Amino acid sequence: MLTGRHLLLIVSGSIAAYKALELARLLRRDGARVTPVLTAGGAQFVTPHALQAICGEAVMQDLWSLEQEAAGGHIRLARAPDAVVVAPASADLLARMATGLASDLAGAILLATTRPVLVAPAMNPTMWAHPATVANVAVLRARGIAFVGPENGEMAEPESGYGRLAEPPTMLAAIRALFSAGPLAGRHVLVTSGPTHEPLDPVRYIANRSSGRQGHAIAAALAALGARVTLVSGPVAIADPPGVTVVRVETAAEMLAATEAALPADAAVCAAAVADFRPATAVAGKIKKIAGMAPAPITLALNPDILATLSHHARRPRLVVGFAAETSDLIENARQKLARKGCDWVVANDVSGDVMGGSDNTVHLVTAAGVEDWPLLPKPQVAARLAARIAEALA
Ligand code: CTP
């Protein structure tokens, strides 16, 4: 709940600005006070009257308004709230934030504020993917600005891709996360967990023994340190960790799509036991056995590598952590995986015993700096240690 919190909501120019009205309604219902600021672009899409009515406070629009200056101007607006939320944030406003331009009221507030800032971008997918926007977002993230979205989907123009403003309930969760206590408050961490199921026909699939316990424990440990966590999970029989957004998937292809959809993130932990191969063709009807005939061989196709994709992604999280499940030459294989997949850390574990599905784990943290051997620990303790190291790395 945001009871007693004071938020400054900056609405900039995007067709998605109408969703800012719904966000303001949710924020007020959650107990927050909302002071609205509307940019010139934002005012092309929502009226100051609508925003003012929903927020229950006067809309600020003009850097040069004498009335507003007399009340303390942009410095007061920048300092009075507990956090600043920019929703939607246009490509132009992101560029001005990254450069430090204070040419309008929103820019001046964002330069003068000492409060946490959360940005919810919305723009055409080509604008979001443009190297200029990618570089601006990287600069802002490195400065500690939190992001939510954009999401993948249909745009107003007949185009689809990453660029849709996050849905208001998602933005609300991200704003609540700004106020969570702990070293990862305001950070977004993506975790993959569990096995994947690769269909052979409508009733059969290829899978592995992963229970999801380690990945789920990591998601819970990160949330306990205040992070906003998106857990992309394959089919598992364990409960959802508390305080975590869970996206359920079946196949490696679905897991990749869901992880990309959850970007940007400050860190990613790929703990899922993704099936490396899938049946090359999933047969539409159940494969029947024919008396006296040998079964047809199964042809396999290679699945996408989610960890490697995230490590080389244009919107790569600052820290990417992989796992190496090995039955021999543990450290050497983990080192090779670190280099081959391009991630920052590899958590190496020997799966020759009953680690997969078991409750304890002995791991080694392999980084460019060297190898740390951790003792045999219950999976939640391995998770807590890893979460603490991630918090240190992002600090
Ligand atoms: N991984 C992934 N996508 C895949 C395969 C693996 O994201 N298609 C990730 C896992 O989540 C883990 C890391 O890569 O973080 C290593 O997984 P592992 O199974 O140990 O390695 P593989 O790449 O499958 O290599 P191999 O099976 O040859 O050891």
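Residues numbered from 1 in each chain as written. Predicted model: local features only at pLDDT ≥ 70, side-chain atom pairs only at ≥ 80, totals over all residues. Heavy atoms only, no water.

1. A word on the environment of P235
At step 1: With respect to the helices and strands, the residue P235 is situated in the loop between strand 11 (228–233) and strand 12 (245–248).
At step 2: What makes P235 partly exposed here is its relative accessible area of 24%.
At step 3: In the structure, P235 is positioned 84 residues away from E151 in sequence and 23 Å away in space, judged by C-alpha atoms.
At step 4: Apart from residues lying up to four places away in sequence, P235 is in contact with P195, T196, H197, V249 and E250. (Helix = DSSP H or I, 4+ residues; strand = E, 2+ residues; numbered from the N terminus. Buried < 20%, exposed > 50% of the residue type's maximum accessible area, 1.4 Å probe, protein only. Contact = heavy atoms within 4.5 Å.)

2. Considerations on the sheet that holds strand 4 (residues 117–121)
Each strand in a sheet pairs with another by means of backbone hydrogen bonds, the pair being arranged parallel or else antiparallel.
At step 1: Sheet architecture is open: 5 strands sit in the order 2-1-3-4-5, paired in parallel fashion. Each having just a single partner strand, strand 2 (33–38) and strand 5 (146–147) make up the two edges of the open sheet.
At step 2: Pairing geometry for strand 3 (residues 83–89) and strand 4, over 4 bridges, is parallel. Pairing of V86 across the sheet is with V119, part of strand 4.
At step 3: In the packing of helix 5 (residues 91–99) onto the sheet, contacts are made with strand 1 (6–11), strand 3, strand 4 and strand 5, and the angle to strand 4 comes to roughly 145°. (Pairing = 2+ DSSP bridges. Axes fitted to C-alpha atoms, helices over the stretch in contact; angles between N-to-C directions.)

3. Some points on the packing of aromatic side chains
At step 1: Under the defined criterion, the tally for this structure stands at 0 aromatic pairs.
At step 2: One Lys or Arg, R385, reaches over the ring of W374 and ends 4.8 Å from the middle of that ring.
At step 3: The ring of W345 is capped by R389, whose NZ or CZ atom sits 5.7 Å from the centre of that ring. (Phe/Tyr/Trp six-rings, centres within 6.5 Å; stacked < 30°, edge-to-face > 60°. Lys NZ or Arg CZ within 6 Å of the ring centre and 35° of its normal.)

4. What to know about the side chain of H313
At step 1: Its place among the elements puts H313 in the loop between helix 12 (306–311) and strand 16 (319–326).
At step 2: Look at H313 and you get buried, because its relative accessible area is 15%.
At step 3: Ignoring sequence-local partners within four residues, the contact set of H313 consists of E260 and L263.

5. A look at the site of the ligand
At step 1: Every one of the 14 residues lining the ligand counts as a neighbour, but C270, A272, F323, K337 and K341 are closest to it.
At step 2: Between a nitrogen atom of the ligand and a main-chain N or O atom of P304, the distance comes to 2.9 Å.
At step 3: When the free accessible area of the ligand is taken as 570 Å², the share hidden by the protein chains comes to 78%.
At step 4: The set of elements that each furnish at least two residues to the shell around the ligand consists of helix 12, strand 16 and helix 13 (330–341).
At step 5: Take the shell around the ligand: its biggest share by element is 4 residues, from strand 16.
At step 6: Grouping the constituent residues of the shell around the ligand by class yields 9 nonpolar, 1 polar and 4 charged. (Near = heavy atom within 4 Å. Polar contact = N/O pair within 3.5 Å; in protein donor to acceptor, adjacent residues only side chain to side chain. Areas by Shrake-Rupley, 256 points an atom, 1.4 Å probe, with all protein chains shown as cover. Nonpolar A, V, L, I, M, F, W, Y, C, P; charged D, E, K, R; others polar.)

6. Re unusual backbone geometry
At step 1: Omega for the bond connecting G149 with P150 falls within 30 degrees of zero, at 5°, which places this linkage in the cis form.
At step 2: Within the secondary structure layout, P150 lies in the loop between strand 5 and strand 6 (151–154).
At step 3: In this structure, D329 is a non-glycine residue whose phi angle is positive, near 45°.
At step 4: Among the structural elements, D329 can be located in the loop between strand 16 and helix 13.
At step 5: Since its relative accessible area comes to 56%, D329 is described here as exposed.

7. A look at a nonpolar patch on the surface
At step 1: A contiguous nonpolar surface patch, about 420 Å² in accessible area, is contributed by F277, I298, L300 and L302.
At step 2: For L300, the location among the structural elements is in strand 15 (residues 300–302). (Patch = residues over 30% accessible without salt bridge, like charges linked within 9 Å, V, L, I, M, F, W, Y side chains within 5 Å. Salt bridge = Lys/Arg side-chain N within 4 Å of Asp/Glu carboxyl O.)

8. Details of the pattern of salt bridges
At step 1: Under the criterion given, the structure shown has 16 salt bridges.
At step 2: Here R316 makes a salt bridge to D344, at a shortest N to O gap of 3.1 Å. One end of the pair, R316, is in the loop between helix 12 and strand 16; the other, D344, is in the loop between helix 13 and strand 17 (345–350), with 28 residues separating them in the sequence.
At step 3: Each of K19, R164 and E167 takes part in a single network of salt bridges with overlapping partners.

9. Observations regarding the sheet that holds strand 8 (residues 188–193)
At step 1: The 8 strands are arranged 12-11-8-13-16-17-19-20 in an open sheet whose pairing can be described as mixed. Every other strand in the sheet has two partners, leaving strand 12 and strand 20 (370–373) as the edge strands with one partner each. Neighbour-to-neighbour, the strand axes of this sheet turn through a mean angle of 20°, independent of strand direction.
At step 2: Pairing of strand 16 with strand 17, which is carried by 6 bridges, proceeds in the parallel orientation. Across the sheet, residue G322 finds its bridge partner in strand 17, namely V346.
At step 3: Packing of helix 10 (residues 213–224) onto the sheet brings it into contact with strand 8, strand 11, strand 13 (267–270) and strand 16, and relative to strand 8 it is tilted by some 165°.

10. Description of the domain arrangement of the chain
At step 1: For the chain, the assigned domains are domain 1 (6–178) and domain 2 (188–394).
At step 2: Centre-to-centre, using C-alpha coordinates, domain 1 lies 34 Å away from domain 2.
At step 3: On the domain 2 side, the residues contacting the 11 residues of domain 1 number 12 residues.
At step 4: Summing both sides of the interface, domain 1 and domain 2 together bury roughly 980 Å²; the carbon and sulfur share of this comes to 51%.
At step 5: Three residues stand out in domain 1 for area buried against domain 2, namely W128, R141 and Y162, and they jointly supply 49% of the buried area on that side.
At step 6: At the junction of domain 1 with domain 2, the criterion picks out 1 salt bridge.
At step 7: Of the charged contacts, one joins R141 and D266 as a salt bridge, the two residues approaching to 3.2 Å between their closest N and O atoms.
At step 8: There are 4 residue pairs in polar contact (both at pLDDT 80 or more) connecting domain 1 and domain 2.
At step 9: When contributions to the side of domain 1 that touches domain 2 are tallied by element, the ones reaching two or more residues are helix 8 (131–142) and helix 9 (168–178).
At step 10: Considering each element in turn, the side of domain 1 that touches domain 2 owes the most residues, 3 residues, to helix 9.
At step 11: Across the side of domain 1 that touches domain 2, the residue classes tally to 9 nonpolar, 1 polar and 1 charged. (Domains from an automatic or database assignment. Buried area = accessible area lost by both parts, 1.4 Å probe.)

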